[in-house]
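Chain and residue survey
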Amino acid sequence: MSSIHRDTPEPFWQRLRAITLYPFRGAALASLVALTLASLLGMIPVVGWVVALLVWIGAYKYAFEVLRATADGRLEAPEVVLGTGDGVVARLIAMQLVFIVVVLAALLVGGPIIGLAVLALVAFMQPGCVMSLALDGSLSHALNPSTPLALVGRIGWPYLAVFGLLFVIQASALTASVWLARWMPPVIADLAVTAVSFWGLFAAFHLMGYLIYQYHEALGYEPAARDGLPGRHAPDADLLGEAEAHVRDGHPDAALELLRAETRSRAVSLEVHELYHRLLRQSGDAAALTGHAGEYLNLLMLEREERRALGLLRTTLDANPDFVPAQVEHAQALAERARLAGQGQLAADTLAAMLRAHPRHPDASRWGLDAALLLVERSGRDDDARALLQRSLERCEDPGLQSKIEAAMKALPVPETA
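Residues numbered from 1 in each chain as written. Predicted model: local features only at pLDDT ≥ 70, side-chain atom pairs only at ≥ 80, totals over all residues. Heavy atoms only, no water.

Per an unreviewed UniProt entry, the chain goes by Tetratricopeptide repeat-containing protein and derives from Lysobacter zhanggongensis.

Here you go:
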């Protein structure tokens, strides 16, 4: 059973011993042993290199499971060895290949000094890129140089400390591998070196996951383990049970009426809102669905459930492009969160809807400019961007912002005439 830590996380510098020993406990140790023994199959002629590659892919899969579980506050090693099946590991490997290509290119073009400088820069940025990939799964966002720099800005000096610790872990693994290879028989040495390499990999990913967990508020991340707080939604347990019973009996309309009455008469839990919203979507009542989305999204933001709020915002905008959150501050926060998460289309759609809904807001012209730039950069929708810029310019009273909007309009390709 995985332990879930719900209080304020203990600083990582007070858990260095536990982090170092993490690969030697529970499921992590079992995975380390299994993968190390499986590496023996790499000695098979002809197909051995394929087996070795699969073993290392399995190791990275498990390491990423470790990172995600730790980021969610589960400090015991995850049980599943190959559970990451959403393509994120392929993106992680692609990221490593990009780093290798960049370093080799710098070495070939600029020589040893430039190559070493680029290697140091890549090593510094790599933890932030990996953590970004774990947070939102976007490879393009993770490879954006501004992403790890923004992460450093949010976390501060602890990122530098973790970078140093990761260097120590990897250097220790390399030193131990060299020593073992020198003093042990060949086959035993290969096993020992592989085991030490896996130890360094698991410990490093556990440390990165713990950094996300410790600073999840600064990163805008909500650990999934917190969803399991006991008794949090106990007052609505009977209501949910009754509504779900209506659904099982084939009476969704009765469940809808029950939940509608409760949501209008008192404050209910997120679980009640989630079920009510799902039933509204199934009923096809578009007006009621959009109306409830505003209330549901407002509660999600108050509960700091920004990931769920982004998902709700995306589905609601797909159904109604003019939907905007009830609070302008929430809309702005979600647009920025979507942009940072690599969801440029969602950010642009949100900003464009805000411009239409609040054309006289002091920030309306800036919303239009930001949305237009996102449309051009991410979607190539020049015509839509031009319309947004024109609408923004018509109401803009800030000379500096007017200049930026006009410059953006001039940068767009001239539309073709029929």
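**Quick look at the overall build of the chain**
Convention followed: Runs of E in the DSSP output that reach at least two residues are strands. Runs of H or I that reach at least four are helices, and both are numbered from the N terminus. The buried label applies to any residue whose accessible area, calculated with a 1.4 Å probe on protein chains only, is under 20% of its type's maximum; exposed applies above 50%, and partly exposed to all values in between. Here, residues are in contact when the closest pair of their heavy atoms is within 4.5 Å. Using a 1.4 Å probe, the Shrake-Rupley method yields the accessible areas, and only the shown protein chains count as cover for residues.
Secondary structure assignment for the chain yields 19 helices and 0 strands. Relative to its 418 residues, the chain shows a buried fraction of 42%. Of the contacts formed within the chain by residues at least 6 apart in sequence, a portion of 65% connects residues at least 24 apart. When the accessible surface of the chain is split by element, carbon and sulfur atoms take 62% of a total near 21,400 Å².

**Comments concerning the pattern of salt bridges**
Think of it this way: side chains of opposite charge can pair up when their charged atoms draw near. Keep this limit in mind: Basic side-chain nitrogens of Lys or Arg form a salt bridge, by our definition, when they fall within 4 Å of a carboxyl oxygen of Asp or Glu.
Summed over the entire model, instances satisfying the criterion amount to 8 salt bridges. As a salt-bridge pair, glutamate 257 and arginine 260 come within 2.5 Å of each other at their nearest N and O atoms. Separated by 3 residues within a single helix, glutamate 257 and arginine 260 lie in helix H11 (residues 252-265), roughly one turn from each other. Exposure remark for arginine 260: the relative accessible area of 15% places this residue in the buried category. Notably, a salt bridge pairs glutamate 274 with arginine 308, separated by 3.4 Å at the nearest N-O pair. With a gap of 34 residues between them, glutamate 274 in helix H12 (residues 270-283) and arginine 308 in helix H14 (residues 306-319) connect regions that are remote in the sequence. One network of salt bridges, in which partners are shared, links Arg314, Asp318 and Asp349.

**A look at a nonpolar patch on the surface**
Test applied: Only residues whose relative accessible area exceeds 30% and that form no salt bridge are eligible for patches; like-charged ones are grouped when within 9 Å, while nonpolar side chains (Val, Leu, Ile, Met, Phe, Trp, Tyr) are grouped when within 5 Å.
A cluster of nonpolar side chains, contributed by Leu21, Phe24, Leu29, Val33, Leu37, Leu40, Met43 and Val187, occupies part of the molecular surface with about 640 Å² of accessible area. With 3 residues, the single largest contributor to the nonpolar patch is helix H2 (residues 26-38). Looking at where leucine 37 falls in the secondary structure, it is placed in helix H2.

**Focus: the UniProt feature "transmembrane region" (unreviewed entry) in the chain**
Using the following cut-off: UniProt positions are given in the numbering used here, feature names are shortened, and annotations may be inferred rather than shown by experiment.
In the numbering used here, UniProt assigns the feature "transmembrane region" (unreviewed entry) to residues 27-57, 155-180 and 187-213. Annotated as residues 27-57, this span is 71% helix and 0% strand, and its ends, taken at the C-alpha atoms, are 18 Å apart. Within the segment residues 187-213, helix and strand shares are 100% and 0% respectively, and the terminal C-alpha atoms sit 39 Å apart.

**Brief notes about helix H6 (residues 146-155)**
Each α-helix winds once per 3.6 residues, and so residues spaced three or four apart point in a common direction. What counts here: It is the directions from the helix axis to the C-beta atoms that the arc portrays.
Of the positions making up H6, those classed as buried are Thr147, Pro148, Leu151, Val152 and Ile155. Around the axis of H6, the buried residues are gathered within 140° of arc, so they sit on the same side. Turned more than 90 degrees away from the buried face of H6 sit Leu149 and Gly153, all of them exposed. One or two positions beyond H6, positive phi appears at glycine 156, with a value near 85°.

**Describing the nonpolar core**
Spelled out, the test is: Nonpolar cores were defined as sets of buried Ala, Val, Leu, Ile, Met, Phe, Trp, Tyr and Cys residues, with membership established by side-chain atoms within 4.5 Å.
Counting 56 residues, the largest nonpolar core has Phe64, Val130, Phe202, Phe205 and Leu211 as the members making the most contacts within it. Breaking this core down by element, the ones donating at least two residues are H2, helix H3 (48-71), helix H4 (88-136), H6, helix H7 (157-183) and helix H8 (186-214). Residue contacts for leucine 211: discarding those within four places in its chain leaves Phe12, Met131, Ile155, Pro158, Tyr159 and Val162. Ranked by size, the runner-up nonpolar core spans 42 residues in total, among them Leu297, Leu346, Ala352 and Trp367.

**Here's the deal with the confidence of the model for the chain**
Our working rule: In predicted models, pLDDT denotes the confidence assigned by the predictor to each residue on a 0 to 100 scale.
For the chain, mean pLDDT is 80; residues scoring 70 or higher make up 90% of the total. Low pLDDT, under 50, characterises residues 81-85; the stretch is placed with 11 contacts to residues that sit more than four places away or in other chains. Note that residues 226-234 has pLDDT below 50 and, in this model, 12 contacts with residues that lie over four places away or in other chains.

**Details of the packing of H14 against helix H16 (residues 344-357)**
Selection criterion: Axis angles are defined between N-to-C directions and span 0 to 180 degrees, where every axis is a line fitted to C-alpha atoms and, for a helix, only to the segment in contact. Angle categories: roughly parallel below 35 degrees, roughly antiparallel above 145, roughly perpendicular from 65 to 115, and oblique for all the rest. Crossing handedness: left-handed means the near helix sits turned counterclockwise from the far one by under a right angle, and right-handed means the same turn made clockwise.
Close contact between H14 and H16 brings their axes to 11 Å; oriented N to C, the two are set at 65°. For the element pair H14 / H16, the angle class is roughly perpendicular. Crossing angle aside, the handedness with which H14 passes H16 is left-handed. Contact residues: Leu310, Leu313, Arg314 and Leu317 in H14; Gln345, Leu346, Asp349, Thr350 and Ala353 in H16.

**Observations regarding the packing of aromatic side chains**
Short version of the rule: Put simply, two rings from Phe, Tyr or Trp (the six-membered ring, in Trp's case) pair if the centres are within 6.5 Å, and we call them stacked under 30 degrees between planes, edge-to-face over 60, tilted for the rest.
In the structure shown here, the tally under the stated rule is 11 aromatic pairs. Plain terms: the ring middles of tyrosine 60 and phenylalanine 205 are 6.3 Å apart, the flat faces sit at 80° to each other, and that makes the pair edge-to-face. You can see tyrosine 60 sitting in helix H3 and its partner phenylalanine 205 sitting in helix H8, a full 145 residues away along the chain. Given the relative accessible area of 23%, tyrosine 60 is considered partly exposed. Using a relative accessible area of 6% as the deciding quantity, one classes phenylalanine 205 as buried. Of the aromatic side chains, those joined through ring pairs into one cluster are Trp56, Tyr60, Tyr62, Phe64, Phe198, Phe202 and Phe205.

**Concerning H14**
Selection rule: A helix is expected to span 1.5 Å for every residue after the first.
For H14, with 14 residues, the first-to-last C-alpha span of 20 Å sits near the 20 Å given by 1.5 Å per residue. Taken together, the buried positions of H14 are occupied by Ala309, Leu310, Leu312, Leu313, Thr316 and Leu317. Axial view of H14: buried residues confined to an arc of 165°, hence all on one face. Opposite the packed face of H14, turned more than 90 degrees from it, sit the exposed residues Asp318 and Ala319. Looking at the packing, one finds that the buried side of H14 touches H12, helix H13 (286-302), helix H15 (328-340) and H16.

**Looking at the packing of helix H10 (residues 237-248) against H11**
Condition: Amino acid classes used here: Ala, Val, Leu, Ile, Met, Phe, Trp, Tyr, Cys and Pro are nonpolar; Asp, Glu, Lys and Arg are charged; the rest, including Gly, are polar.
Taken N-terminus to C-terminus, the directions of H10 and H11 make an angle of 155°; their axes are 7 Å apart at the nearest point. On the basis of the axis angle, H10 is roughly antiparallel to H11. As H10 packs across H11, the resulting crossing turns out to be left-handed. Of the residues in H11, those touching H10 at Leu239, Glu242, Ala243, His246 and Val247 are Pro252, Ala254, Ala255, Leu258, Leu259 and Glu262. For the contact of H10 with H11, the residue count by class is 8 nonpolar, 1 polar and 2 charged.

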